Amino acid sequence: MRLPTYGDVARAAERVHGAAHRTPVLTSRTADAASGAQLFFKCENFQRMGAFKFRGAYNAIAALDEAQRRAGVLAFSSGNHAQAIALSARLQGVHAVIVMPEDAPAAKLAATRGYGGEVITYNRFQEDREVISARIAHERGMVLIPPYDHPEVIAGQGTAALELFEDVGALDALYVCVGGGGLISGCALATAELSPGCAVYGVEPEAGNDAQQSLRSGAIVTISVPRTIADGAQTTHLGQYTFPIIREHVRDILTVSDAQLVEAMKFFAQRMKIVVEPTGCLGAAAVFAAGRELEGKRVGVVLSGGNVDLAGYAALIAN
Ligand SMILES: *Cc1c(COP(=O)(O)O)cnc(C)c1O
């Protein structure tokens, strides 16, 4: 097993160039005044298909050899990774099969098909998606691309931080949301190279602090599926690739409550006029909770995505 390095992130940046959006970095005088810090929000809610996952998916497919490209790729996900693989595969002329639960929201099934993915559904109460995926991968010779525990996925996600440092220069701290740890691992590799003095903090939902427990205990801790509105961080454990990178390069893992996520969502809607999904608010919610602790510092915050179900979003920010 070879862990990805900064060199892989730099190569990923070349591969995704022209395919991924170079997302904007937004600032807010209101947030700066409240924290006393200079905050830089890297807006992956404006990324293609609405989240940073496009970067890792596109890079992983671009790294395949010719035989693998012909066989196609497979992913199991009902979230942003599904759409990222479907779109990235179509853009590169590769067939993609996405295994999704048959009771996934109709909008998500439609969006994944709309991006060109072949959707295979299963009954999540009777069947195991990993078994189904392994069978399809075996029958069709397809390459399975996991959502976070994969060197090229990690390297691709790191291009978000690479762009941030290119655009704003060195930072004192960087806050990144943590699910399975693909995004923060890639971003930490970029940080170690491009802004070595910058402390990287991961942020998880309070209800699912497996990464925090893992970092503190020194071994991967597995929890049951957490109940939180941060659906992109409902992962139960870090990965074999992401954990060692986090151990080496991440200063600490913090947690925030769902109520703090809602406050952050409201702030982004009302003050900055942007839609950020609950998981995308993890890093920002931790910064807002820090009060004046970050005074005088230059701080990066990755807003990881903006895919919301409109009715659910409206209900959350309405009161
Ligand atoms: C997947 C996802 C995350 C978590 O990313 P990991 O690489 O699993 O840590 C965070 N935010 C959004 C919007 C996501 O889609």
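**Q** Would you mind showing me how to read the overall build of the protein here?
**A** Looking only at helices and strands, the protein features 14 helices and 10 strands. Here the C-alpha coordinates of the protein stretch approximately 55 × 45 × 40 Å along the principal axes. Relative to its full complement of 319 residues, the protein shows a buried share of 55%. When contacts within the protein are restricted to residue pairs at least 6 apart in sequence, those whose partners lie at least 24 apart make up 72%. Accessible surface for the protein amounts to roughly 13,200 Å². Of this, 49% is attributable to carbon and sulfur atoms.

**Q** Quick question: what am I supposed to make of the sheet that holds strand β1 (residues 25-26) here?
**A** Pairing between sheet strands relies on hydrogen bonds along the backbone, with the strands arranged either parallel or antiparallel. Read across the open sheet, the 6 strands follow the order β1-β2-β10-β7-β8-β9; overall the sheet is mixed. At either margin of the open sheet sits one strand with a lone partner, and together these are β1 and β9 (252-256). Relative to strand β2 (residues 38-43), β1 runs antiparallel, the two sharing 2 bridges. The residue of β2 that forms the bridge with Leu26 is Phe41. Against the sheet, helix α8 (residues 151-168) touches β1, β2, β7 (173-177) and β10 (298-303), its axis set at about 135° to β2.

**Q** Quick question: what am I supposed to make of helix α7 (residues 129-140) here?
**A** The end-to-end C-alpha distance of α7 is 16 Å, a good match for the 16 Å that 12 residues give at a rise of 1.5 Å each. For α7, the complete set of buried residues consists of Ile132, Ser133, Ile136 and Ala137. Looking straight down α7, one finds its buried side chains confined to an arc of 130°; they lie on one side. α7 presents Val131, His138 and Glu139 as exposed residues on the side facing more than 90 degrees away from its buried surface. On its buried face, α7 is in contact with β3 (73-76), β4 (96-101), β5 (118-122) and β6 (143-144). With a side-chain oxygen positioned 3.0 Å from the backbone nitrogen of Glu130, the residue opening α7 is Asp128.

**Q** Looking at this structure, how should I read the site of the ligand?
**A** The local shell around the ligand holds 15 residues, among which Lys53, Asn80, Gly179, Gly181 and Ser304 are the closest. Note that an oxygen atom of the ligand is positioned 2.8 Å from one of the backbone N or O atoms of Gly180. Gly182 places a polar main-chain atom, nitrogen or oxygen, 2.9 Å from an oxygen atom of the ligand. Here the residues of the shell around the ligand sort into 4 nonpolar, 9 polar and 2 charged.

**Q** Would you take a moment to explain the state of the cysteines for this structure?
**A** Chemically, a disulfide is nothing more than a covalent bond linking the sulfur atoms of two cysteines. With the rule as written, the count across this model stands at 0 disulfides. Not engaged in a disulfide, the cysteine Cys177 finds its nearest cysteine sulfur in Cys187; these two sulfurs lie 8.6 Å apart. According to the relative accessible area criterion, Cys177 is buried, its value standing at 6%.

**Q** Please explain the side chain of Thr112 as it appears in this structure.
**A** Counting through the fold element by element, Thr112 comes out in helix α6 (residues 106-114). Not counting residues up to four positions away in its chain, the partners in contact with Thr112 are Ala82, Gln83, Ala86, Ile98, Met100, Gly117 and Val119.

**Q** I keep staring at the nonpolar core and nothing clicks. Help me out?
**A** With 67 residues, the main nonpolar core has Phe41, Leu174, Tyr175, Phe268, Val299 and Leu303 as its most contacted residues. When residues no more than four places from it in sequence are discounted, the contact partners of Phe268 are Phe41, Lys273, Ile274, Val276, Cys281, Ala284, Phe288 and Leu303. Ala19, Ile85, Ala89 and Ala96 belong to the second largest nonpolar core, which has 28 residues in total.

**Q** Explain the sheet that holds β6 here, please?
**A** Taken together, 4 strands build an open sheet; the order of strands is β5-β4-β3-β6 and the sheet is parallel. Of all the strands in the sheet, just β5 and β6 have a single pairing partner and so form its edges. Bridge count between β4 and β5: 5 bridges; the pairing is parallel. Following the sheet pairing, Pro101 is matched in β5 by Tyr122. Contacts between α6 and the sheet are confined to β4 and β5, with β4 contributing the most and set at about 175° to the helix. Against the sheet, α7 makes contact with β3, β4, β5 and β6, and its axis sits at roughly 175° relative to β3, the strand it touches most.

Reading guide: rules and limits
- Residues numbered from 1 in each chain as written.
- Predicted model: local features only at pLDDT ≥ 70, side-chain atom pairs only at ≥ 80, totals over all residues.
- Heavy atoms only, no water.
- Helix = DSSP H or I, 4+ residues; strand = E, 2+ residues; numbered from the N terminus.
- Buried < 20%, exposed > 50% of the residue type's maximum accessible area, 1.4 Å probe, protein only.
- Contact = heavy atoms within 4.5 Å.
- Areas by Shrake-Rupley, 256 points an atom, 1.4 Å probe, with all protein chains shown as cover.
- Pairing = 2+ DSSP bridges.
- Axes fitted to C-alpha atoms, helices over the stretch in contact; angles between N-to-C directions.
- Expected span 1.5 Å × (residues − 1).
- Arc of directions from axis to C-beta.
- Polar contact = N/O pair within 3.5 Å; in protein donor to acceptor, adjacent residues only side chain to side chain.
- Near = heavy atom within 4 Å.
- Nonpolar A, V, L, I, M, F, W, Y, C, P; charged D, E, K, R; others polar.
- Disulfide = S-S within 2.5 Å.
- Core = buried A, V, L, I, M, F, W, Y, C linked by side-chain atoms within 4.5 Å.

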